[in-house]
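The lines below spell out each chain.
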Amino acid sequence: ILISVTTFVGGMAAIATGMSTTYPQLILSRFVGGSCMSGSVPVVFSLLSDWFDDKDRNAASSGFTAMMIAGMILGQVYAGCTGPTAGWRHSFYISGILTIILSILVMVCVREPMRGGK
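Described below are features of the structure shown in this document. What you see as residue numbers is a count from 1 along each chain, following the sequence as written. This being a predicted model, a pLDDT of at least 70 is required before a residue's local features are given, and a value of 80 or more before pairs of side-chain atoms are given or counted; all residues contribute to the totals for chains, interfaces and linings. Hydrogen atoms and water are omitted, and side-chain values are computed over all heavy atoms in the structure.

1. A closer look at the overall build of the chain
Helix and strand labels come from DSSP, where a helix needs a run of H or I of at least four residues and a strand needs a run of E of at least two; each type is numbered from the N terminus. A tally of regular secondary structure across the chain gives four helices and zero strands. Listing every helix and strand of the chain by position from the N terminus yields α-α-α-α. Projected onto its principal axes, the C-alpha coordinates of the chain cover approximately 45 × 25 × 25 Å. Between buried and exposed lies partly exposed: a residue is buried under 20% and exposed over 50% of the maximum accessible area for its type, with that area taken using a 1.4 Å probe on protein chains only. Here the chain holds 118 residues, and the buried ones make up 25% of them. Contacts are assigned to residue pairs that have any heavy atoms within 4.5 Å of one another. A fraction of 72% describes how many contacts in the chain between residues 6 or more apart in sequence connect residues 24 or more apart. None of His or the chain ends enter the tally, which takes Lys and Arg as positive and Asp and Glu as negative. Taken as the charge location is NZ of Lys, CZ of Arg, CG of Asp or CD of Glu. A gap of 11 Å separates the mean positions of the 7 positive and 5 negative side-chain charges of the chain.

2. A few points about the packing of helix H1 (residues 2-19) against helix H2 (residues 23-51)
Axes here refer to lines fitted to C-alpha atoms; in helices the fit is confined to the stretch in contact. Angles between the N-to-C directions go from 0 to 180 degrees. Where H1 meets H2, the closest approach of the two axes is 8 Å, and the angle between their N-to-C directions is 155 degrees. Viewed along their axes, H1 and H2 adopt a mutual orientation that is roughly antiparallel. Regarding H1 and H2, the two cross each other, and that crossing is left-handed. On the side of H1, the interface is formed by Leu2, Ile3, Thr6, Thr7, Val9, Gly10, Ala13, Ala16 and Thr17, while H2 contributes Leu26, Ser29, Arg30, Val32, Gly33, Cys36, Met37, Ser40, Val43, Val44 and Leu47. By definition in this entry, angles of less than 35 degrees are roughly parallel, angles greater than 145 are roughly antiparallel, angles of 65 to 115 are roughly perpendicular, and the rest are oblique. Crossings are assigned a handedness: left-handed for a near helix turned anticlockwise from the far helix by less than a right angle, right-handed for a clockwise turn.

3. Topic: the layout of surface pockets
There is about 1500 Å³ of room inside the largest pocket. The pocket and cavity definitions rest on a 1 Å grid over protein atoms only: a 1.4 Å probe that fits but cannot leave marks a cavity, an open set with protein on both sides within 12 Å along at least five of seven lines marks a pocket, and residues lining either have an atom within 4 Å of a point. In terms of lining residues, the largest pocket is bounded by 38 residues, among which Met37, Gly71, Met72, Ser95 and Thr99 are the most central. Counting residues per element, the ones that place at least two in the lining of the largest pocket are H1, H2, helix H3 (54-86) and helix H4 (88-109). Grid points are joined across faces, edges and corners, and a volume is the space filled by probe spheres set on the points. Approximately 180 Å³ is the volume found for the second largest pocket. What lines the second largest pocket is a set of 14 residues, among which Ile1, Leu2, Ile3, Leu47 and Glu112 lie closest to the centre. Each residue gets one label: Ala, Val, Leu, Ile, Met, Phe, Trp, Tyr, Cys and Pro are nonpolar, Asp, Glu, Lys and Arg are charged, and the others, such as Gly, are polar. Considering only residue class, the lining of the second largest pocket consists of nine nonpolar, two polar and three charged.

4. Points about a nonpolar patch on the surface
Patch criteria: residues need more than 30% relative accessible area and no salt bridge. Like-charged residues are merged within 9 Å; nonpolar side chains of Val, Leu, Ile, Met, Phe, Trp and Tyr are merged within 5 Å. For every accessible area listed, the method is Shrake-Rupley and the probe measures 1.4 Å; residues are considered covered only by the protein chains on display. Salt bridge, as used here: a side-chain nitrogen of Lys or Arg that lies within 4 Å of a carboxyl oxygen of Asp or Glu. Taken together, Ile1, Leu2, Val5, Phe8, Val9, Met12, Ile104, Met107 and Val108 make up a surface patch of nonpolar side chains, about 800 Å² in accessible area. Sorting the residues of the nonpolar patch by element identifies H1 and H4 as the ones contributing at least two each.

Nothing here speaks to function; it is all geometry.
In structure tokens form, the structure reads like this:
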């Protein structure tokens, strides 16, 4: 549940970034979004250690890290392609909406593992 809550709030912060009309609003929404999204990373690594045994944990952690980097690259490419026509706010709206949808899916579909499970 912690991963869903942090990513949900991070998605809301991304939408708030797109809705910002002043610099203090922009700075606060980026701070909240960055805090939530970076706070979810240790939770994911903790979950991976519960879901995967010792021999598979390294591959799972590497896969997660690679997907984070791929997401950053794709997000930059998307923002660069749509920014000139749709404006800079558009990518924050899309990112926030997708993050909220995925956080709800995780909350509904992913079960909390037994601590120290593997």
